[in-house]
Amino acid sequence: MSHPVAVIGAGYAGLACAVELARRGVQVTVFERSHTLGGRARVVAKDGRRIDNGQHILLGAYGELLRLLRMTGGSPKELAHLPLTLHTPGQLHLQAARLPAPLHLALGLLSAKGLSWADRLAMLRLMRVLKKRRFRVDSGQSVAALLHELRQPQGLVRLVWEPLCVAALNTPLAEASAQVFANVLRDSLGAGAAASELLIPRVDLSELFPVPAARYLAVRRGKLRTGTPVEAIHQEHGGFRLEGDPSPRQIYAQVVLATAPHHATALLNSVGHCERLSAMIAALPSEPITTVYLALGPTVRLPYAMIGLARGPAQWAFDRGQLGGPQGLVACVISAHGPHDALSREDLLLAVHAQLEQELDQRLPPLEWSQVITERRATFACRPGVSRPGAQTPVPGLWLAGDYLDSDYPATLESAVRSGINAASRVLRRIAATAA
């Protein structure tokens, strides 16, 4: 308890780090600029409604996030557990069976609708080839190039591979990293029914993990300072002082920087000796995510809680009424950049509403309410050869955490949590080395 640690940022990465440290008895203080927990996966209040700043899904393979949810007292009822289901109205229905790999995918393909036998065989062939290669591919290859190499039919690419790629990597097919996509397939389709399950939050993203994490910290003498921006990090007396800390004389033995990349660069520059690392982070390309919320009234219900949309601009639609939210509230997700970027808010709303009518083949009632939320820098662009930093910085005792750090995964809630756990393990090793 005599080795205080500061975590800057109360998103999923920062709170995962803080929870792991508190569990081991470390005195930890978390600083958050906003008054809302969750970072880029948080609840927002709009016109008296509480909605997420973007729709997130989890996979059964997200072992570390699920472990922390259990540890901090999260309820299994807060997640809808659905078998991997790809349903595009009038075009595709593919649902994995509850069987070990590869039977779950094979049986799902046998009963699939909208795929030719050539499509089904091609999909199995791709998974078989990747498994034979141990899911290792050319590091400079795009997903589009990999699919071409493995002779995937265009219809299969359009209905299955492209939606999965854009959803997982938030990067267009022609630009996305084949290796990272192979990693995602390895831990989902390639790992059995439980790993490929879709886990969709029934509560908002702040309530899912950040709020239970805050309660966990509170009963373990952890401190959470919301509405407290840290403007700079200064090295002093063998530790760190934070500019903006309400306790200005407090010295922290170690600091974990768990902010979004564009905030991390300024703080790294303030501490010194991190110019090259800061420039590396600043050079990371980013991709947006736009979520269009349409309140259509209690008579509207989608055929499944999550459906694919094939005609654009949106790629997925989520029926929040089937997930514990208001009946008739639909969240339509547009991943990555595209032609929709040039549309005004009003034109985008009209386009998504018209798209939903066309794909559902039904006339929808007038909108009761609507909202468009765009995270301009939602994730890094997951392209081949993108150089991602690790947790270590040139300054001893200063660590990084965040979904943009180097890992097998793209920018997901699981990669954020894993980075926080990794940072916590490094803090604990340094504490042990100091004590020795």
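Relevant structure appears above.
Keep in mind the model is a prediction, meaning the values are calculated, not measured.

1. Remarks on the environment of Leu-105
Here comes step 1: Mapped onto the secondary structure, Leu-105 falls in helix α3 (residues 103-110).
Here comes step 2: Under the relative-accessibility criterion, Leu-105 is labelled buried at 7%.
Here comes step 3: Separated by 123 residues in sequence, Leu-105 and Thr-228 place their C-alpha atoms 48 Å apart.
Here comes step 4: The residues contacting Leu-105, other than those within four sequence positions of it, are Met-123, Leu-124, Met-127 and Leu-189.

2. Re a nonpolar patch on the surface
Here comes step 1: There is a patch of nonpolar side chains on the surface, built from Leu-99, Leu-103, Leu-107, Leu-110 and Trp-117 and spanning about 510 Å² of accessible area.
Here comes step 2: Element by element, the count of residues in the nonpolar patch is highest for α3, at three residues.
Here comes step 3: Along the chain, Leu-99 turns up in the loop between β8 (92-95) and α3.
Here comes step 4: On the accessibility criterion, Leu-99 (34% relative accessible area) is partly exposed.

3. Some words on the sheet that holds strand β16 (residues 316-319)
Here comes step 1: Taken in spatial order, the five strands of this open sheet run β15-β16-β17-β14-β18, and their pairing is antiparallel. In this open sheet, the two edge strands, each paired with only one partner strand, are β15 (306-308) and β18 (369-380). Averaged over all pairs of adjacent strands, the angle between strand axes in this sheet comes to 20°, irrespective of strand direction.
Here comes step 2: Note: strand β14 (residues 286-295) against strand β17 (residues 329-335), seven bridges, orientation antiparallel. Along β17, the bridge assignment pairs Leu-294 with Val-330.
Here comes step 3: Across the sheet, helix α6 (residues 154-169) lies against β16, β17 and β18, angled at about 70° from β16, the strand it touches most.

4. Some words on the pairing of strand β1 (residues 5-8)
Residues in a regular strand project their side chains so that they alternate between the two faces of the sheet.
Here comes step 1: Along β1, one buried face is formed by Val-5 and Val-7 and the opposite face, lined by Ala-6 and Ile-8, is buried too.
Here comes step 2: Alignment of β1 against strand β13 (residues 254-257), held across four bridges, turns out to be parallel. Of the residues in β13, the one forming a bridge with Val-5 is Gln-254.
Here comes step 3: Bridge count between β1 and strand β2 (residues 28-31): four bridges; the pairing is parallel. Counterpart to Ala-6 in the pairing with β2 is Thr-29.
Here comes step 4: Handedness of the β1-helix α1 (residues 12-23)-β2 crossover: right-handed.

5. Digging into helix α14 (residues 413-435)
Here comes step 1: With 23 residues, α14 ought to run about 33 Å at 1.5 Å a step, and its terminal C-alpha atoms sit 33 Å apart, in line with that.
Here comes step 2: Residues of α14 that are buried include every one of Leu-413, Glu-414, Ser-415, Ala-416, Val-417, Ser-419, Gly-420, Ile-421, Ala-423, Ala-424, Val-427 and Leu-428, and no others.
Here comes step 3: Considering only its buried residues, α14 is in contact with β1, α1, β5 (58-59), α2 (63-71), β13 and β19 (398-400).

The rules we used
Residues numbered from 1 in each chain as written. Predicted model: local features only at pLDDT ≥ 70, side-chain atom pairs only at ≥ 80, totals over all residues. Heavy atoms only, no water. Helix = DSSP H or I, 4+ residues; strand = E, 2+ residues; numbered from the N terminus. Buried < 20%, exposed > 50% of the residue type's maximum accessible area, 1.4 Å probe, protein only. Contact = heavy atoms within 4.5 Å. Patch = residues over 30% accessible without salt bridge, like charges linked within 9 Å, V, L, I, M, F, W, Y side chains within 5 Å. Areas by Shrake-Rupley, 256 points an atom, 1.4 Å probe, with all protein chains shown as cover. Salt bridge = Lys/Arg side-chain N within 4 Å of Asp/Glu carboxyl O. Pairing = 2+ DSSP bridges. Axes fitted to C-alpha atoms, helices over the stretch in contact; angles between N-to-C directions. Right-handed = clockwise from strand over helix to strand, strands pointing away. Expected span 1.5 Å × (residues − 1).

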